[in-house]
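# Architecture at a glance
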Amino acid sequence: MVRLQKFLADCGICSRRKAEEHILAGDVKVNDKIVTELGLKVDEKKDKIYFKNKYVKIEQKKVYIMLNKPKGCITTAKEQFDRKTVFDYIDIKERVVPVGRLDYDTSGLLILTNDGDLTYKLTHPKHNINKVYIAKVYGVPNKERLE
């Protein structure tokens, strides 16, 4: 038995925190019953879980992608302004999610996976995973620019 939000994260649907929002919004059904309260535990072998009316299950095959995200694309699955997303650079059938985010004008390593446990361990503050960001500054910025 596992909490519903962890199950959704393990399926690669979204993060645990985002799963909680979806549960509260009524986007999740367990055994044809909409769940809107947190704390429900599910058994993937017995319960039928649906996310936005689509049956979901834990992927047996874990997928890990290391993408050198280029500048000029965003780290999201849904884009409202027709900009490129990181998903334009991968071609796989499995559903994966980005582990963290990089801004539109930045480049660098981005991990995409359907492994909810790994995503949780790398992103939750309690695990205290250090991340390194390098910024190039051209010229000498004045005090106002630095702020």
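Data block above holds the structure.
The model shown is predicted, which means the values in this text are computed figures rather than measured ones. (Residues numbered from 1 in each chain as written. Predicted model: local features only at pLDDT ≥ 70, side-chain atom pairs only at ≥ 80, totals over all residues. Heavy atoms only, no water.)

### Details of the nonpolar core
Counting 16 residues, the largest nonpolar core has L4, F7, L8, I13, V28, I49 and V56 as the members making the most contacts within it. For this core, the elements supplying multiple residues, two or more each, are α1 (4-10), α2 (16-24), β2 (28-30) and β5 (49-51). Here this core gets three residues from one element, more than from any other, and that element is α1. Other than its neighbours up to four places away in sequence, I49 contacts L4, F7, L8, V28, K29, V30, V42, K54, Y55 and V56. Core analysis: the next-biggest nonpolar cluster, separate from the first, contains ten residues, V63, C73, I90 and L110 among them. (Core = buried A, V, L, I, M, F, W, Y, C linked by side-chain atoms within 4.5 Å. Buried < 20%, exposed > 50% of the residue type's maximum accessible area, 1.4 Å probe, protein only. Helix = DSSP H or I, 4+ residues; strand = E, 2+ residues; numbered from the N terminus. Contact = heavy atoms within 4.5 Å.)

### Brief notes about the pattern of salt bridges
Summed over the entire model, instances satisfying the criterion amount to six salt bridges. Here K6 ties to D117 by a salt bridge, and the two come within 2.8 Å at their closest N and O atoms. Of the two residues, K6 is situated in helix α1 and D117 in helix α3 (residues 116-123); the sequence distance between them amounts to 111 residues. Overall, D117 belongs to the partly exposed group, its relative accessible area being 32%. Residue E94 is joined to K61 by a salt bridge in which the shortest nitrogen-to-oxygen separation is 3.2 Å. Here E94, found in the loop between β9 (84-85) and β10 (97-99), pairs with K61, found in the loop between β6 (54-56) and β7 (64-69); they are 33 residues apart in sequence, far enough to count as distant. The exposure class assigned to E94 is buried, which follows from its relative accessible area of 14%. Among the charged side chains, a network of salt bridges with common partners joins K6, D10, R16 and D117. (Salt bridge = Lys/Arg side-chain N within 4 Å of Asp/Glu carboxyl O.)

### Quick notes on α2
Within the span of α2, buried status applies to A19, H22 and I23. Down the axis of α2, the sector holding all buried residues measures 100°, keeping them to one side. Projecting away from the buried face of α2 at angles above 90 degrees are the exposed residues R17 and L24. Its buried side turned inward, α2 meets α1, β2, β3 (33-35) and β5. Phi turns positive one or two residues past the end of α2, at G26, with a value near 85°. (Arc of directions from axis to C-beta.)

### Topic: a positive patch on the surface
A cluster of basic side chains, namely K52, K54, K78 and R95, defines a positive patch on the protein surface. Residue placement: K52 occurs in the loop between β5 and β6. (Patch = residues over 30% accessible without salt bridge, like charges linked within 9 Å, V, L, I, M, F, W, Y side chains within 5 Å. Areas by Shrake-Rupley, 256 points an atom, 1.4 Å probe, with all protein chains shown as cover. Lys, Arg positive; Asp, Glu negative; His and termini not counted. Charge placed at Lys NZ, Arg CZ, Asp CG, Glu CD.)

### Let's talk about the sheet that holds β6
As summarised here, the arrangement of the four strands in space is β3-β2-β5-β6, forming an open sheet in which the pairing is antiparallel. In the strand order of this sheet, the two ends are held by β3 and β6, each with one partner. Each strand of the sheet is rotated relative to its neighbour by a mean of 40°, with strand direction disregarded. Examined bridge by bridge, β2 and β5 share three bridges and lie antiparallel to one another. Bridge pairing in β5 places K29 opposite Y50. (Pairing = 2+ DSSP bridges. Axes fitted to C-alpha atoms, helices over the stretch in contact; angles between N-to-C directions.)

### A closer look at the pairing of strand β11 (residues 108-113)
Relative to β11, β7 runs antiparallel, the two being bridged by six bridges. Along β11, the bridge assignment pairs I65 with L112. Note that β10 and β11 share three bridges and pair antiparallel. Of the residues in β11, the one forming a bridge with P98 is L112.

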